[in-house]
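Report on the structure
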Amino acid sequence: MSAPVFNELVKGQEIGERTISVDRAALVRYAGASGDRNPIHWNERFAREVGLPGVIAHGMWTMGSIINVVTDWIGDPGKIRSYTVRFTRPVEVPDPGSAEIHVAAKIGALDEETLTARIDLTATCDGKRILGKAQAVVAL
Amino acid sequence: MGVDASFAGREYPATDPYQVGREHVREFAAAVDAQHPFHHSVQAAQEAGYLDIVAPPTFAVVIAQRAEQQLIADPAAGIDFSRVVHADETFTHHRPIVAGDELSTILHVDSIVERAAIAMVTTRCEIADTAGNPVATVVSTLAIRGEEA
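Okay, so let's go over this structure. Throughout this description, residue numbers start from 1 for each chain and increase along the sequence as written. For naming, the first written chain is A and the first written ligand is 1, with later ones following in the order written. Per-residue local features are limited, in this predicted model, to residues with pLDDT of at least 70; the limit for side-chain atom pairs, both in listing and counting, is 80 or more; totals at the level of whole chains, interfaces and linings are taken over all residues.

This paragraph deals with unusual backbone geometry. Omega for the bond connecting A:D95 with A:P96 falls within 30 degrees of zero, at 5 degrees, which places this linkage in the cis form. Positioned with a positive phi, A:D126 is a non-glycine residue whose angle comes to about 55 degrees. By the secondary structure assignment, A:D126 is in the loop between β4 (116-125) and β5 (128-129). Each residue is classified by how many other C-beta atoms fall within 10 Å of its C-beta atom, where C-beta atoms are placed from the backbone; a count of 20 or more means buried, 12 or fewer means exposed, and values in between mean partly exposed. Taking the C-beta count within 10 Å as the criterion, A:D126 has 12 such neighbours and is therefore assigned exposed. Not every positive phi belongs to a glycine, and B:A116 is a case in point at roughly 50 degrees. Counting through the fold element by element, B:A116 comes out in the loop between β3 (102-115) and β4 (118-129). Under the C-beta neighbour-count criterion, B:A116 is labelled exposed, with 9 such atoms within 10 Å. What counts as a helix is a DSSP run of H or I of at least four residues, what counts as a strand is a run of E of at least two, and both are numbered from the N terminus.

Turning our attention to the packing of helix α1 (residues 24-34) of chain A against helix α1 (residues 22-31) of chain B. α1(B) packs onto α1(A) with a crossing angle of 150 degrees between their chain directions and a minimal axis gap of 9 Å. Relative to α1(B), the element α1(A) lies roughly antiparallel. Classified by chirality, the crossing of α1(B) by α1(A) is left-handed. Two secondary-structure elements touch here, α1(A) through A:R29, A:Y30, A:A33 and A:S34 and α1(B) through B:E27, B:F28 and B:A31. Inter-axis angles, ranging from 0 to 180 degrees, are taken between N-to-C directions of lines fitted to C-alpha atoms, where helices are fitted over the stretch in contact. Here is the rule for angles: anything less than 35 degrees is roughly parallel, anything more than 145 is roughly antiparallel, 65 through 115 is roughly perpendicular, and the remaining ranges are oblique. For any helix crossing, the convention is left-handed if the near helix is rotated counterclockwise from the far helix by under a right angle, and right-handed if that rotation is clockwise. Whether two residues are in contact is decided by their C-beta atoms, placed from the backbone, lying within 7 Å.

All names here are of chain B. We treat two strands as partners when DSSP finds at least two bridges between them. Of the pairings in the sheet, the one linking strand β1 (residues 18-19) to β3 comprises two bridges and is antiparallel in character. Paired with Y18 across the strands is L103, a residue of β3. Pairing geometry for β3 and β4, over 12 bridges, is antiparallel. If you follow T105 over to β4, its bridge partner there is I127. Adjacent in sequence and paired antiparallel, β3 and β4 are bridged by two residues, among which A116 carries a positive phi angle near 50 degrees.

On to α1(B). Among all positions of α1(B), only B:V25, B:F28, B:A29 and B:A31 are buried. Buried residues along α1(B) cover an arc of 160 degrees about the axis, so they all sit on one side. Looking at the buried positions of α1(B), the neighbouring elements they touch are α1 of chain A together with α3 (60-72) of chain B. B:D33, located one to two residues past α1(B), shows a positive phi value of around 55 degrees. Arc definition: directions from the helix axis to the C-beta atoms.

On to the interface of chain A and chain B, then. It is common to give the size of an interface as the accessible area lost on bringing the parts into contact. The interface is formed by 30 residues belonging to chain A together with 30 residues belonging to chain B. When residues of the side of chain A that touches chain B are traced back to their parent elements, those giving at least two are α1, α3 (59-66), α4 (68-74) and β2 (80-87) of chain A. Looking at the side of chain A that touches chain B element by element, the count peaks at eight residues for β2(A). Class assignment for the residues of the side of chain A that touches chain B results in 13 nonpolar, 11 polar and six charged. As paired strands, β2(A) and strand β2 (residues 84-93) of chain B are joined by five bridges and run antiparallel to one another. In this classification, Asp, Glu, Lys and Arg are treated as charged, Ala, Val, Leu, Ile, Met, Phe, Trp, Tyr, Cys and Pro as nonpolar, and every other residue, Gly included, as polar.

Coordinates in, geometry out; function isn't part of it.
Written out as structure tokens, the structure reads:
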């Protein structure tokens, strides 16, 4: 896929969508790779003791995983200038099984002066939105 | 016992340099299923003009989290990590992080706001290279639920 060209982009244009899957093994792997070893992300007993419904995904796992749709579209991860997410609903990860997250990305704004595009991301799990504002600014 | 709001406005000394390891970048990328070749192939990254493989857009959290420990692990701050949930996170990349970078972080406690039984703690990590050039800014807000919440 060739890199997107600024002048061909339109506000509101969809740039990609996908469904990603997360299971307990993915959370353990993220805990190791990121250094975030909070037991709420791998220990059911602990998660319930602190008032959660069960083990939940790291918000940062979700944030790190859904941006791939933008990276793959822009074709160069170094072009992502900023990225912001508000976490509004935790993703409960069952065992056995997995949680499915649907992510869709569209162009929220175009800036002709800086030749950047703001990409707005929407993420849902079981049909419910899990993020508030989720935006990335990419250079073109 | 709650969060000590007097920590707001605090700035910590720069951390010892953190070296961005090539295998760590690959491992982190795999953990978020980031398959772009620039995260994995030195040759692909260098052909695109980078010195080495490029860290995923959220990799800086690894560096920021370490710096944030200065606040979070300080018993005087009164943050019960088992009652913490992540409220929001923002990365600003002044340039991409690549393997081989040595990065030092200055942690700022931007605000501590208590609303009802929840304390919102916003930290800002200014990450720079060894020459002092800014590399990334990471702003993170944690929500800490009180015992009764």
